[in-house]
Amino acid sequence: MGPTLQSFAARVYIRGIAINLTDNLIQWIENPRSIAPKTAMPITGVSRAEARHVAAYLYTLR
Ligand code: HEM
């Protein structure tokens with residue numbers, strides 16, 4: 001469904017819009033539509049605390 005997240009830590013932008021910084025990534029994982037209203041990615045239902053853990057994992061993908 002979504003794009004590959006391989007080498008995510010090396011990317012400059014999230015979805016070509018938001019700079020790939022921790023706070024933006026957490027916000028994207030929690031509610032991508034708050035960054036890109038028309039994105040096909042749904043609001044995940046993942047909490048902020050969980051999103052922080054997921055972001056930490058994504059930043060291990062080099
Ligand atoms: C916790 C679960 C998820 C995480 C961590 C996650 C993470 C991400 C990230 C980081 C991006 C940006 C990728 C980039 O910049 O190249 C992205 C994009 C995307 N995701 Fe997710 N995602 C999740 C769940 C989902 C689900 C459930 C769907 C759909 C059923 C989905 C569909 C998409 C799509 C379609 C995009 C492309 C956005 C666009 O071009 O508008 N994601 N996802």
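All values reported here derive from a predicted model rather than from experimental measurement. (Residues numbered from 1 in each chain as written. Predicted model: local features only at pLDDT ≥ 70, side-chain atom pairs only at ≥ 80, totals over all residues. Heavy atoms only, no water.)

### Brief notes about the coordination of the iron atom of the ligand
There is one protein donor for the iron atom of the ligand, and it is Met-41 (SD), at 2.1 Å. Structurally, Met-41 can be placed in the loop between α1 (22–30) and α2 (48–58). (Donors = N, O, S within 2.8 Å, 3.2 Å for Na, K, Ca; no water. Helix = DSSP H or I, 4+ residues; strand = E, 2+ residues; numbered from the N terminus.)

### What about the packing of aromatic side chains?
Taken as a whole and assessed by the stated rule, the structure comprises one aromatic pair. Note on Phe-8 and Tyr-59: the rings are 6.4 Å apart at their centroids and 40 degrees apart in plane angle, and the pair reads as tilted. Note that Phe-8 is positioned in the segment before β1 (13–14) and Tyr-59 in the segment after α2, a separation of 51 residues in sequence. Assigned by exposure class, Phe-8 and Tyr-59 land together as buried. (Phe/Tyr/Trp six-rings, centres within 6.5 Å; stacked < 30°, edge-to-face > 60°. Buried < 20%, exposed > 50% of the residue type's maximum accessible area, 1.4 Å probe, protein only.)

### Some remarks on the environment of Glu-50
By secondary structure assignment, the location of Glu-50 is in helix α2. In this structure Glu-50 comes out as partly exposed when scored by relative accessible area, which is 43%. Counting along the chain gives 32 residues from Glu-50 to Ala-18, while the straight-line C-alpha distance between them is 20 Å.

### As for α2
Buried within α2 we find Ala-51, Ala-55 and Leu-58. Along the axis of α2, the buried residues cluster in a sector spanning 60 degrees; they form a single face. Across from the buried face of α2, at angles greater than 90 degrees, the exposed residues are Ala-49, His-53 and Tyr-57. Tucked inside the fold, the buried residues of α2 contact α1. (Arc of directions from axis to C-beta. Contact = heavy atoms within 4.5 Å.)

### What to know about the site of the ligand
Neighbouring the ligand are 17 residues; Arg-11, Arg-15, Trp-28, Thr-39 and Met-41 lie closest to it. Within the contact set of the ligand, an oxygen atom lies 2.7 Å away from a side-chain nitrogen or oxygen of Arg-11. One of the backbone N or O atoms of Arg-15 is found 2.5 Å from an oxygen atom in the ligand. The leading source of residues in the shell around the ligand is α1, at three residues. Split by residue class, the shell around the ligand holds 13 nonpolar, two polar and two charged. (Near = heavy atom within 4 Å. Polar contact = N/O pair within 3.5 Å; in protein donor to acceptor, adjacent residues only side chain to side chain. Nonpolar A, V, L, I, M, F, W, Y, C, P; charged D, E, K, R; others polar.)

### Structural notes on the environment of Thr-4
Checked against the element boundaries, Thr-4 lands in the segment before β1. With relative accessibility at 52%, the residue Thr-4 sits in the exposed group. Side-chain polar atoms of Thr-4 contact the backbone nitrogen of Gln-6, separated by 3.1 Å.

That is the geometry; function is a separate question.
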